[in-house]
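Fold and geometry: a report
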Amino acid sequence: GGHDIFRRCWQVSSVRICADGAANRLYDGLLDDGARSAHLPHLIRGDLDSLRDDVRDYYERLGVRVERDPCQDTHDLEKCINALEDPSRGFPSLPRAVPPSDLTVLVLGAFG
């Protein structure tokens, strides 16, 4: 079902970024701390208007970076993609030799 698809996509992804509302959905969709700690995003990014305090605290406590981008000219999905395109971030699992134009981006649950 849907959980199997999610887990497979998670396993094959090099970098995992959640928009702020998506971090809430990820947290709520995983039923216990064991499952949550096995599915940590590399980054939570957005204007942070919808990120719940308990979710932010949980992920920050486990070392997940949370970044606020206050720009109102882009939506949170764009903010996440822009983070992928920034080579200075140095996502450890993303090969530096791969230009952003050659990345495959899989978006789950956007605009919901």
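Note: the structure precedes this text.
Remarks on the nonpolar core
Residues A23, L26, I44, L51, V55 and Y59 are the most contacted members of the largest nonpolar core, which totals 15 residues. Once residues within four sequence positions are removed from consideration, L51 is found in contact with D20, A23, N24, I44, R56 and V66.

Some thoughts on the pattern of salt bridges
Summed over all chains, the structure comprises 6 salt bridges. The residue R45 makes a salt bridge to E67 at a minimum N-O spacing of 3.0 Å. Highlighted residues: R45 in strand 2 (residues 43-46) and E67 in strand 3 (residues 65-68), separated in sequence by 22 residues. Of the charged contacts in the structure, one is a salt bridge between R52 and D54, with a shortest N-O distance of 3.1 Å. Through salt bridges with shared partners, a single ionic network connects D28, R52 and D54.

Here is what the cut-offs are and how they apply
Residues numbered from 1 in each chain as written. Predicted model: local features only at pLDDT ≥ 70, side-chain atom pairs only at ≥ 80, totals over all residues. Heavy atoms only, no water. Core = buried A, V, L, I, M, F, W, Y, C linked by side-chain atoms within 4.5 Å. Buried < 20%, exposed > 50% of the residue type's maximum accessible area, 1.4 Å probe, protein only. Contact = heavy atoms within 4.5 Å. Salt bridge = Lys/Arg side-chain N within 4 Å of Asp/Glu carboxyl O. Helix = DSSP H or I, 4+ residues; strand = E, 2+ residues; numbered from the N terminus.

Any functional reading would require information beyond the geometric quantities listed.
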